[in-house]
Amino acid sequence: MSGSTHRPDETRRAPAREAILAAHSFPGEYTIKAFGPADDAFRAEAVDLAHGVVGPARVVVSERLTRSGDRLCLTFTLHAEQVEEVEEVYARLYSMPAVLLIF
């Protein structure tokens, strides 16, 4: 992690635990998409935060630039053991000031 202190933004958070559990079983795969600026700092911090929760071996990251090329969509496919891991990845991603949208 980049040494900055990450504090969750209480206005932005993961879907309700009940909604996650209604649609997914654990252990299993869970996909999160995060949009931000198309720069190396956003990419590196977001990936580092996800790795900090589930480790590099349990997350696959793919990326796509918007048509304009100024925004980046990172897709995280988590191999989550429990719902708390999914909630923690959301919380850490939402703590990033550069994040524009997560779904």
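Remember, it's a predicted structure, so these values are computed and weren't measured experimentally.

Draft legend 1. A look at the overall build of the protein. A count of helices and strands for the protein gives three helices and four strands. Secondary structure of the protein in N-to-C order comes out as α-β-α-β-β-α-β. When contacts within the protein are restricted to residue pairs at least 6 apart in sequence, those whose partners lie at least 24 apart make up 72%. Surface exposure of the protein reaches about 5800 Å², of which carbon and sulfur atoms provide 53%.

Draft legend 2. Geometry of the pairing of strand β3 (residues 71-80). In terms of burial, β3 is a largely internal element, eight of the 10 residues being buried. Looking at chain direction, strand β1 (residues 28-37) and β3 are connected through 10 bridges and run antiparallel. Across the sheet, Ile 32 pairs through a bridge with Phe 76, a residue of β3.

Draft legend 3. Representation of the sheet that holds strand β4 (residues 101-102) in the model. Overall, antiparallel pairing links the four strands, which are arranged β2-β3-β1-β4 in an open sheet. Unpaired on one side and paired on the other, β2 (59-65) and β4 mark the two borders of the sheet. Of the pairings in the sheet, the one linking β2 to β3 comprises seven bridges and is antiparallel in character. Paired with Ser 62 across the strands is Thr 75, a residue of β3. Contacting β1, β2 and β3, helix α2 (residues 40-54) crosses the sheet at an angle of about 10° to β3. Sheet contacts for helix α3 (residues 83-94): β1, β3 and β4; angle to β1, the most-contacted strand, approximately 5°.

Draft legend 4. How the structure looks around the nonpolar core. By size, the foremost hydrophobic cluster in this structure holds 27 residues, and its most contacted members are Ile 32, Phe 76, Leu 78, Val 86, Tyr 90, Leu 93 and Ile 102. For this core, the secondary-structure elements that each account for two or more residues are β1, α2, β3 and α3. It is α2 that provides the largest number of residues to this core, a total of seven residues. Excluding residues that lie within four positions of it along the chain, Phe 76 makes contacts with Tyr 30, Thr 31, Ile 32, Ala 34, Ala 46, Val 47, Ala 50, Val 59, Val 60, Val 61 and Leu 93.

Draft legend 5. Structural context of the packing of α2 against α3. Direction vectors running N to C along α2 and α3 enclose 155°, while the axes themselves pass 9 Å from each other. One element, α2, and the other, α3, form an angle in the roughly antiparallel class. Considering the relative orientation of α2 and α3, their crossing is right-handed. Within the contact between the two elements, α2 uses Ala 46, Leu 49, Ala 50, Gly 52, Val 53 and Val 54 and α3 uses Glu 85, Glu 88, Val 89, Arg 92 and Leu 93. Among the residues making up the contact of α2 with α3, the classes are represented as seven nonpolar, one polar and three charged.

Draft legend 6. Structural detail: the pattern of salt bridges. Using the criterion set out here, one finds six salt bridges in the structure. Glu 84 serves as the salt-bridge partner of Arg 17, at 3.3 Å between the closest nitrogen and oxygen. Residue Arg 17 is located in helix α1 (residues 17-23), and its partner Glu 84 is located in helix α3; the two are separated by 67 residues in the primary sequence. You can call Arg 17 partly exposed: its relative accessible area is 32%. On the accessibility criterion, Glu 84 (35% relative accessible area) is partly exposed. One salt bridge in this structure joins Arg 92 and Glu 88, with 2.8 Å as the shortest N-O distance. Note that Arg 92 and Glu 88 are positioned in helix α3 at a spacing of four residues, about one turn of the helix. Classification of Arg 92 as partly exposed rests on a relative accessible area of 25%.

Parameters at a glance
Numbering of residues starts from 1 in every chain and runs along the sequence as written. Where local features are concerned, this predicted model is filtered to residues with pLDDT of at least 70; where side-chain atom pairs are given and counted, the filter is 80 or more; whole-chain, interface and lining totals use all residues. Water and hydrogen atoms play no part in the side-chain values, which are based on all heavy atoms of the structure. Runs of E in the DSSP output that reach at least two residues are strands. Runs of H or I that reach at least four are helices, and both are numbered from the N terminus. Between two residues, a contact is recorded if the distance between any of their heavy atoms is within 4.5 Å. Residue exposure ignores everything except the shown protein chains as possible cover, and the areas themselves are Shrake-Rupley values with a 1.4 Å probe. Relative accessibility thresholds used throughout: buried, under 20% of the residue-type maximum; exposed, over 50%; partly exposed, between the two (1.4 Å probe, protein chains only). The rule for pairing is simple: two strands pair if DSSP sees at least two bridges between them. The axes are straight lines fitted to the C-alpha atoms, using for helices just the contacting stretch, and the angles between their N-to-C directions are given from 0 to 180°. For the purposes of this section, nonpolar cores are sets of buried Ala, Val, Leu, Ile, Met, Phe, Trp, Tyr and Cys residues that join through side-chain atoms within 4.5 Å. Angles below 35 degrees are treated as roughly parallel, those above 145 as roughly antiparallel, those between 65 and 115 as roughly perpendicular, and all remaining angles as oblique. When the near helix sits turned anticlockwise from the far one by under a right angle, the crossing is termed left-handed; a clockwise turn instead gives a right-handed crossing. Amino acids are sorted into nonpolar (Ala, Val, Leu, Ile, Met, Phe, Trp, Tyr, Cys and Pro), charged (Asp, Glu, Lys and Arg) and polar (every other residue, Gly among them). By definition here, a salt bridge exists when the distance from a side-chain nitrogen of Lys or Arg to a carboxyl oxygen of Asp or Glu is within 4 Å.

Shape is all these values report; function is a separate question.
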